[in-house]
Amino acid sequence: MKKILITGGAGFIGSHVVRLFVNKYPDYQIVNLDKLTYAGNLNNIKDIENKPNYSFVKGDIVDAAFINELFSLHKFDSVIHLAAESHVDRSISNPLEFVMTNVIGTVNLLNAAKNEWKDNFSAHRFYHVSTDEVYGTLGETGMFTETTSYDPHSPYSASKASSDHFVRAYHDTYGMNVIISNCSNNYGSHHFPEKLIPLSIHNIKNNKPIPIYGKGENIRDWLYVEDHARAIDVIFHNAKTGTTYNIGGHNEWTNIDLIKILCKIMDKKLNRDEGESAKLITFVKDRAGHDLRYAIDSTKLQKELGWVPSLQFEEGLEKTVDWYLSNEEWLTNVTSGAYKKYYEEQYTKR
Ligand code: NAD
Ligand code: TYD
């Protein structure tokens, strides 16, 4: 039986990866390590918590002694590392937290893995999940490929870029069996409502302003989260050591066009007159250092490993809206308490 450590499995993408692996591979033992920050929520994986091949450990990847002990206790075969501070706006207010978790936390995991696996690196895989934001910003044309130079602009993307470099360094220096994937913006269920799509769904539902940074002209390339989880599965099992794959669905939208579609879907679902939700659109002060455009070229993944995205955007958005509207309790729970303070600090002064 393979024992796999998945970090950050109580977060948005991690919960989808944990669910996929626990259900698809009953002969794998999945250990989910998560600090349960504001973004981590055990309700995200309630449906699999009692499965015999799943266990949860609460802990902080920044704590090196704890991580070393965990590795020595469990003898993991492989690691899929998703734990991170993930929100750009928070990284602008508090960069150090991003350095601690995203950089130091990743190096702690690499060190523990290196120490445990040093006699047989090829039998143990360290899969690092990263973002397209490490490549910086595009102008009106072009796409990020696996060979695009790193050029991060936000403290978040700088910390992820740094962690990617460390992961590659552990391959090049020590011969560790590592792989990295860089994915575009994800959307889907269980997404914390500080990010554009779930925040907008929450605000539309509650008749609150939808804050659009700048003129809403920034472009993101959106991928349904379950398609990302499937890509991680395919890459984890098939990629050659030391390789990188870009993951994306060729699905670029300006923020304002995306929000207009979302408003239409919300009007329909909430039985509102057409155009009613769009009245909530409010242009607010732009994000500092706001990257203009991200677009991923995922040809390598599609050609070499046969992965393709499964959903059209409008279908995925509608599924996402349905999930939020039928999981009111989830949304109420995560938006009580600390969320309110964050929201006030982030948006009332804009
Ligand atoms: P998230 O913020 O929803 O979840 C992160 C999880 O990590 C949470 O459960 C949190 O509790 C946990 N965590 C944070 N700090 C920790 C620590 N010090 N020790 C242990 N656990 C800790 O993030 P997400 O959107 O699910 O992103 C997951 C990964 O995917 C990240 O590495 C992110 O950079 C990457 N990624 C995200 C996107 C996206 O669109 N969300 C796109 C590409 C790549
Ligand atoms: P976000 O969901 O924070 O993801 P990222 O910054 O990692 O791409 O933001 C997506 C886009 O939406 C980005 O261009 C910033 C913009 N945005 C808004 O216009 N308003 C908001 O309230 C938020 C959170 C984001």
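Owing to the predicted nature of the structure, the values given are computational and were not obtained by experimental measurement. (Residues numbered from 1 in each chain as written. Chains lettered and ligands numbered in written order. Predicted model: local features only at pLDDT ≥ 70, side-chain atom pairs only at ≥ 80, totals over all residues. Heavy atoms only, no water.)

With that settled, the discussion passes to the layout of surface pockets. Considered as a void within the structure, the largest pocket measures approximately 620 Å³ in volume. Taken together, 25 residues make up the lining of the largest pocket; nearest its centre are Asp89, Arg90, Ser93, Tyr342 and Gln346. At the level of secondary structure, the elements contributing two or more residues to the lining of the largest pocket comprise α3 (88–93), α4 (95–117), α11 (328–334) and α12 (338–348). Looking at the lining of the largest pocket, the element that brings in the most residues is α12, giving six residues. Its residues assigned to classes, the lining of the largest pocket comprises nine nonpolar, five polar and eleven charged. (1 Å grid on protein atoms, 1.4 Å probe; cavity = no way out; pocket = protein on both sides within 12 Å on 5 of 7 lines; lining within 4 Å. Points joined across faces, edges and corners; volume = space filled by probe spheres on them. Helix = DSSP H or I, 4+ residues; strand = E, 2+ residues; numbered from the N terminus. Nonpolar A, V, L, I, M, F, W, Y, C, P; charged D, E, K, R; others polar.)

Further remarks concern the side chain of Glu133. Structurally, Glu133 is set in the loop between β5 (125–131) and α5 (155–174). Although buried, Glu133 forms no salt bridge, and the nearest oppositely charged side chain, Arg220, lies 5.4 Å from it. Reaching out from Glu133, the side chain makes a polar contact with the side chain of Tyr294 at a distance of 3.2 Å. Not counting residues within four places of it along the chain, the set of residues in contact with Glu133 comprises Val88, Pro152, Tyr156, Ser157 and Tyr294. (Buried < 20%, exposed > 50% of the residue type's maximum accessible area, 1.4 Å probe, protein only. Lys, Arg positive; Asp, Glu negative; His and termini not counted. Salt bridge = Lys/Arg side-chain N within 4 Å of Asp/Glu carboxyl O. Polar contact = N/O pair within 3.5 Å; in protein donor to acceptor, adjacent residues only side chain to side chain. Contact = heavy atoms within 4.5 Å.)

This part covers a nonpolar patch on the surface. Taken together, Leu96, Val99, Met100 and Ile104 make up a surface patch of nonpolar side chains, about 320 Å² in accessible area. On the basis of relative accessible area, Met100 is assigned to the partly exposed category, the value being 33%. (Patch = residues over 30% accessible without salt bridge, like charges linked within 9 Å, V, L, I, M, F, W, Y side chains within 5 Å. Areas by Shrake-Rupley, 256 points an atom, 1.4 Å probe, with all protein chains shown as cover.)

What follows covers empty space enclosed by the protein. For the structure on display, the rule yields three cavities of 30 Å³ or more. Space inside the second largest cavity adds up to approximately 40 Å³. Lining the second largest cavity, in full, are Val88, Glu133, Ser154, Arg220, Arg287, Gly289, His290, Asp291 and Tyr294. Class assignment for the residues of the lining of the second largest cavity results in two nonpolar, three polar and four charged.

Turning to the packing of helix α6 (residues 196–205) against helix α8 (residues 255–269), a few remarks are in order. Two numbers describe how α6 lies on α8: the axes approach to 11 Å, and their chain directions differ by 40°. Of the possible angle classes, the one that applies to α6 and α8 is oblique. The chirality of how α6 crosses α8 is right-handed. Of α8, the residues touching α6 (which contributes Leu196, Ile197, Ser200, Ile201, Ile204 and Lys205) are Asn255, Leu258, Ile259, Leu262, Cys263 and Met266. Of the residues assigned to the contact of α6 with α8, the class counts are nine nonpolar, two polar and one charged. (Axes fitted to C-alpha atoms, helices over the stretch in contact; angles between N-to-C directions. Parallel < 35°, antiparallel > 145°, perpendicular 65-115°, else oblique. Left-handed = near helix turned anticlockwise from the far one by under 90°.)

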